[in-house]
Each structure stands twice: as C-alpha cells, then as structure tokens.
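Here's the letter readout for the chains.
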Amino acid sequence: MKPDPSAANYPSSRSRPGLRSLVMAVLTLLPAVAAAQSAAGQRQPRIGYVYPAGGQQGTTFTIAVGGQGLNARASAFFTPAGITAEPIGYDRPISQKEYTAAQEKLSALQEKRAAARAGTGAAWTREDEKMVAELRAMAAKRANRIATPALAETLTFSVTIPAGIPPGSFELRLRTPAGLSNPLHFLVGDLPEFTSPVITATTNPAGTPGQPRPRNQPAPAPARNPALAVALPAAVNGQIMPGETDRIRFSARKGQRLIIAARARELIPYLADAVPGWFQATLTLVDANGREVAYNDDFEFNPDPVIACEIPADGEYQVEIKDAIYRGREDFVYRIAIGELPFITSIFPLGARRGDDATFELEGWNLTQKKLILATRDHEPGVLGLSARHERHLSNVVKFSLGDLPEIIESEPNDQPAAATRLALPVVANGRIARTGDVDYYEFAAAAGDEVVMEVTARKLGSPLDSVIRLTDAAGREIGLNDDAEDKSAGLLTHHADSKLTARVPAAGIYHLRIGDAQQRGGPEYGYRLRVGPPEPDFVLRVTPASINVRGGSCVPITVHAIRRDGFSGEIALDLGQSPAGFVLSGGRIPAGSDRVTLTLAAPPAPRLQSYPITLRGTATIAGRRVTHAAIPADDQMQAFFYRHLVPASRLLVAINGRGSMARLPSGTVLEIPAGGLVPMKVTAPGLRGVKEVQCELIEPPEGIAVVKTSVRGDTLEVQLSCDAKVKAGLQGNLLFQATGVRETQQKKGKASGRVPLMPVPAVPFRIAAAGA
C-alpha cells in the first residue's frame, strides 16, 4: 500500500434525521487474546531523551536514545528525511529474576573454585573465570540500575548528517516491533561539535574520561566535572546528573562579542515528574581566576539562558552550566552554542500583511544587517520564522506573523488619550512598549451595539511583553479590561501573557484602547501586534497522539481538540483528506459547542510493520462560508505532575503493525439515548464461544451515561445503557467501549484462564433525546 494522492475523502459517521430513538446496533465482534492484539504483549515505545540532541552537517557520530518499551530490533528515522541512523546496540536493566539466577550461579562457581583450590573438585578453567567476571558485571549493573523506569532502556545508533542537510530542527522517532515512538527534537547545526561522555545503562564506577559516566550516583552539590576544552566557535553537548555542574573551557580575546546560548527546555519541553516541569539551566561565565563575568538563568521569558558578553581581556574563560536547584538525570540534556555568532534579540514589526514585501528592523549581536526584506506573497497566513546570516553562520530563528487585514505602525508619541493613534477598523496595529512605564493609546469609532474584538499577539511571537489592555469611552469610563487570555494552541507557553478583550459598545462614539506591560517594563524588544475589529469566527485543530500505532484491519482511539476563535461554536466535520487509501474514521464529528472529541481510526491490513503519513482535517460552515483547516499533530504532555499541554509535532504518522480485526458498525449509526431512560445495544458476536463472564465498559463516558448490564445469548452480546435524567437533551458525542471476557487457554501445566480484552469497537456516535421523545 502506498500513499494515494487521489484518494477520496472518507465520510464520517454523521447523525441522520428520522432515526428511531431506540437503535439496535448489529455488530460483528470476535474475541481475541491480548497477545494477539499487541505484538506478543510488547509495550509501545516511548523515548525520554536523545543524546547528543543534534550534530553538525557532514558528520557521523553516535547517539544514545533512552526510554521505555524499546527493543534490540528498533530502528530510528528522522523527519524531514535525509539523516540516517544505523543501530549499534541495546541495553536494559536486568530483572530481579535474572539477578537472582546470576547470584545463584555465582555462588555455585565460587564453591567450585574453593573445591578446586582444595583439590576436592573439578579443575578451575578460564571459562569459569570469564563467567565470574560477567556475573559480577551483571550484579554491578543491577546495583546501578536507573531509578526512573521511563528512562531505563537505551539504544545507540550511528547517525550520519549529509553535508547538504540545512540547519534546523528535525524530529527523531523510533520504530520497534510494537510500533512507533513519540517524536523528540533533534537539531542540525553548522558549528564544530563537542560532546561530554554519554550516561548509559553501562556503568563505569571509575568515571574514566572518555568512558560512560556512572548513572544513579548523585554527586555532592555542587559537583564540578572536569572542564571540557573547546575551540570557538563550538556547539557543546552534555547531560546533567544530580548536583552536577558541567564546565566548558576556551580561549577568548579582548573585545570579542560572544554569544553563549543554551538549549535545554527547547529539546524536552516538559517533564511530567519534575518541578517546574523542565530542566531549568543556568549559565555562568568566569575568567581564569574564577571571577564571574556574566550570568543568566533565562532569556527574557524563555527558560533557556543566553549570555551576550563583550570579553574584557585576553585569556582563558569557562562556562558553567547546571540546573537552578541542582537536579539532574539522563534527560537533563543540553546544547550550548558559543562563539561570535549572530543572535537576534528582537524584530520590529512582529508581522506584516500577506502579499506585501515585509521590512523588519533587527536588533541583536553580531548582525551584519539591521534590516531584512522578505517577500510574503507566496506564504499562507500564520506564524513563520526568520533568521540572519553572519559570515557562514545562521542566527537563531525568531517568529513573525502574516495576516490578511490592513496593517499600520503606531504613531509616536501616543502615550496619552489626546495623542492616540487613530484606527480604521478592521486593522492590525504594530507597536512596542519602548521604555519602562510606557503605554500606547489607540482610538476608533464604533456604532451603538457594535461588537469589537481587541487581541494582542506578542508573547506567542517571542516578545517579552506581558500585555494589559483597557477599553474606555470618550469620557474615560471603563468598558472592559484584560490581562491574560489562555490559548491552548500555544502548547509551549506556560504563561499566556497575551491579552484579548471582546466588548459590545453601548453607544455610538469614539473609544480609546490603552495597552501597556503588566510589570511596567519596556524596551525595543517589547513589540506587539494589536488586532481591532469585528469578530472573525474560526477554529484551529490539534490531533493527539502524533504517533499512532494500530493493527491492520483494526482500529484505535485518537483525540481531536478544537480551539475555537471569536465565538465560533458550530459543528466541525472531520475527514482524512488526501491520506493513503484504506484508513477510515468513525465518529468523525466535533459537535457544536464541544472543544474535543475522541474518535477511532481504522487501518487497512498490511503485511508487515509499515508507517504512513496521514492528514486529518476539519470543515465547518462559518457565516455562510465553507472553512477547512488541517489538524496539527501534537502530543498531550504533562508538566510537573499536573498541568497538560498540546505540544505540536511536524507530522502525523500511523504505524500498521501486524494483523487484527474489529467490530463493524452499520454506516450512519447514531445511538439515541433518552434522558432518564435505558437503551439496549445488541452486538452480533459469533466468536464468543469459549469466552465467559463477558463485560462491557465505557471508556471516559460523558457524566450520567453508564453500562448497567452486559449479557450473552448465543452469538449475541447485549449491552444496556442508562442515562441520568439530569443529562441535557441534545448532548452529542462518541461512546467508546472496552469489552473483556474470561477464556481458557491450554498450557504445559494444564488449563489456565484469565480476563482478556476483546476486539475493539469503532466509536459509536450518540445523541441524548428528551425524556419521552
């Protein structure tokens, strides 16, 4: 099966008028042992880190990938394509059973050696000595096993980055017999690379330079590792363990304008089991006498620190990097770029109208140009990135936005209502809070009852501005005020500092809008884009997870999140666009007013493990127009035990692993459930023979809907659902079922029985009907 660009869109299960309140769904359901459904019980792979997390163009080097559910037969691949990876080895902690067996064998060998020395037993051989060494190494490996199971297994690969691969961010995934892993960032650069020894499951108690460092042996805080000597410019890779401080030594000349930029949180945005939820790196630059020259623990609001420093004198210098509170572990991975490198600290304006040639003013270090002109006519609206070049090195990438509304630049001075910049709506105003305590005023005319949306975009584009907006009438009476407005599509932000205010003005007249920084800060980097005008209803979509694993001929649940804009609340129909033939959605509809839906994706049979890029898109009717947007793949990641974020990925990939089967729903099935009533659902299941105690449960059901009874009659599985009377009529969505049963299996020691999952059922669309309807 190959991707088919001409494949027709796949229809979703949609509600149909005229369906009876009571639907008897006839399905085909065959039981299956868990091992038959999940690659012999293997866990799906999940990777926690890659180290080093990048490399230089035109080089070959070794990486370690740590995670859980890995396999010696795993392969690695990159998106976009071009980088290659050849497997080297696989390491995992030994189990308690293996450890006990090794200890018993070691004891037996020790007894044999004692008998040989006493002349009362068989001769001691070189093979025996070798076995003792191997068993002792296993015991040491168990003693030094990693404390975090999610990072316990390690794969190593030889990675080759061709010289023609452009610098930038790639995604690394693993492919194992159990399916695809989650993606992780992998950075390609143009600087010579230096890498500290990798921490793997193979321990080296002596900590010999050039060999793997011991894992799970926290050093007293602060522990200063031997300095790694580098020649500038350089990209330095490292891992921080508990209490450690890594040091990087280099020579520099007086007057050199050095950039020392760390990337840590960018590599692994969120840690589920650590506070604040990422590796909070700090950088300190010291001279040969240990005197501090510069320090940074974040760059503006970005947790990754950057030092920009003019070197005061010729000599030796060291950069020290550590975690802010001396935490550490294998996934505390970093990359540091050091040298006279171009670095953009800000641009202005932060965007432009699509179709115009956009001129940007650049601020930063080691920039050979202060202005950059970009043609925008071939780009779609949205957020893009730009960078500058100094000699042969590229700068960091900064964000800017393209839109379709008219654009203006604020007219300074406009820090008083009398000097407000006049707006003709709709419009996007580009401005900046240029100094401490600065504010900007805008004014516009509106008719009585007009609904006006005022939205700031700053933090989402890299500006440190923490905006506050206030709307007043001509007499100074406050109409509305906003500080922060959450945007769930901005999954990498933890402080949603951009403001948004929607107001219906009470009377015709002139209105004033004031914008400032919540902390009274300002500067040339405090830019913003301010959209003012009538609502523009719209939506964006995220689909999780970014790597989907499914058996051929079976189905798997996925979740689509809708982030609705400017009051849009309509239904969104989902389809697979130009995805390869054979993939089918069930329950592909986000009901009106809902912000998420869980549906199922069915995959066609495949002869062996294969992966395919697919596209999921949503279509809605907005103000009489048909609007379609592609869903951006994402992973639903946890931060610091509690918070959750939709972290975007570049591609949505599906791995088809082996053969399976699933229940079949009649086309267009919609289960209508009366509020306060019961509804049966019958499932035809000829394969239930030999399966006992069948139970059917709902997976994350809506509140008030439950399975109250499951029974088997011949080849029919009957499920009865109840709906609480308090459930509001008109509620819609999908129901997901999990059926299990007890089945006897023949083993060497006789028959055994256990509860096993049955074949998956596609998502069942439902609608709550009024009581008595």
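Quick notes on the rules
- Sequence order as written defines residue numbering, which begins from 1 separately in each chain.
- Selection of residues for local features in this predicted model requires a pLDDT of at least 70, selection of side-chain atom pairs for listing and counting requires 80 or more, and totals for whole chains, interfaces and linings are taken over all residues.
- Side-chain figures throughout are based on the complete set of non-hydrogen atoms in the structure, without hydrogens or water.
- Ring pairs are drawn from Phe, Tyr and Trp, using the six-membered ring of Trp, whenever the two centres fall within 6.5 Å, and their geometry is named by plane angle: stacked under 30 degrees, edge-to-face over 60, tilted for the rest.
- By definition here, charges over rings are those cases where NZ of Lys or CZ of Arg is within 6 Å of the ring centre and within 35 degrees of the ring normal.
- By convention in these notes, a salt bridge is any Lys or Arg side-chain nitrogen within 4 Å of a carboxyl oxygen on Asp or Glu.
- Runs of H or I in DSSP of at least four residues are treated as helices and runs of E of at least two as strands, each being numbered from the N terminus.
- The classification of residues rests on relative accessible area computed with a 1.4 Å probe and restricted to protein chains. Under 20% of the type maximum is buried, over 50% is exposed, and intermediate values are partly exposed.
- At least two DSSP bridges between two strands are required for those strands to pair.
- Angular values range over 0 to 180 degrees, each being the angle between N-to-C directions of two axes fitted as lines to C-alpha atoms, with helices fitted over their stretch in contact.
- Whether two residues are in contact is decided by their heavy atoms, any of which lying within 4.5 Å being enough.
- As used in this structure description, the phrase polar contact means that two N or O atoms lie within 3.5 Å; if the pair is within protein, one of them must be able to donate a hydrogen and the other to accept it, and residues adjacent in sequence are counted only when both atoms belong to side chains.

**A few points about the packing of aromatic side chains**
Part 1 of the reasoning: Tallied over the full model, the rule gives 10 aromatic pairs.
Part 2 of the reasoning: Above the ring of Tyr-270, the side-chain terminus of Arg-265 is found at 4.9 Å from the ring centroid.
Part 3 of the reasoning: A cation sits over an aromatic face here: Lys-322 above Tyr-326, 4.7 Å from the ring centre.

**A word on the pattern of salt bridges**
Part 1 of the reasoning: Applying the stated criterion across every chain, the model contains 35 salt bridges.
Part 2 of the reasoning: In this structure, Arg-354 engages Asp-404 in a salt bridge whose closest nitrogen and oxygen atoms are separated by 2.9 Å. A residue pair is termed long-range when its members are at least 10 positions apart, and Arg-354 in the loop between strand 22 (351-353) and strand 23 (357-365) and Asp-404 in the loop between strand 28 (398-403) and strand 29 (407-409) qualify at 50 residues.
Part 3 of the reasoning: Taking the relative accessible area as the measure of exposure, Arg-354 reaches 29% and is therefore partly exposed.
Part 4 of the reasoning: The partner of Asp-487 in a salt bridge is Arg-565, and the shortest N-O contact between them spans 3.1 Å. Of the two residues, Asp-487 sits in the loop between strand 35 (478-482) and strand 36 (500-504) while Arg-565 sits in strand 41 (residues 555-565), which places them 78 residues apart along the sequence.
Part 5 of the reasoning: Take Asp-487: its relative accessible area is 8%, and that puts it in the buried class.

**Quick notes on the pairing of strand 16 (residues 281-287)**
Part 1 of the reasoning: Burial within strand 16 is extensive, with 7 of its 7 residues counted as buried.
Part 2 of the reasoning: Burial along strand 16 is two-sided: Ala-281, Leu-283, Leu-285 and Asp-287 facing one way and Thr-282, Thr-284 and Val-286 facing the other are all buried.
Part 3 of the reasoning: In this structure, strand 16 lies alongside strand 17 (residues 292-296), joined through 4 bridges in antiparallel fashion. Within the sheet, the bridge partner assigned to Leu-283 lies in strand 17 and is Asn-296.
Part 4 of the reasoning: Between strand 16 and strand 17, which pair antiparallel in sequence order, lie 4 residues; one of them, Gly-290, sits at a positive phi of approximately 85 degrees.

**A short note on the sheet that holds strand 53 (residues 678-684)**
Part 1 of the reasoning: The sheet built from 3 strands is open, its strands ordered 53-56-55 with antiparallel pairing. This sheet does not close on itself; its edge strands, each paired only once, are strand 53 and strand 55 (705-713). Taking the axes of each pair of neighbouring strands and ignoring which way they run, one obtains an average angle of 20 degrees across the sheet.
Part 2 of the reasoning: Looking at chain direction, strand 53 and strand 56 (residues 716-723) are connected through 7 bridges and run antiparallel. By the bridge assignment, Val-679 is partnered in strand 56 with Leu-721.

**Here we look at the environment of Glu-478**
Part 1 of the reasoning: Tracing the backbone shows Glu-478 in strand 35.
Part 2 of the reasoning: Here Glu-478 falls in the partly exposed class, since its relative accessible area comes to 46%.
Part 3 of the reasoning: Considered as a pair, Glu-478 and Leu-513 are 35 residues apart in the sequence and their alpha carbons are 9.9 Å apart.
Part 4 of the reasoning: The residues touching Glu-478, leaving out its near neighbours within four places in the chain, are Arg-470, Leu-471 and Thr-472.
Part 5 of the reasoning: Reaching out from Glu-478, the side chain makes a polar contact with the side chain of Arg-470 at a distance of 2.8 Å.

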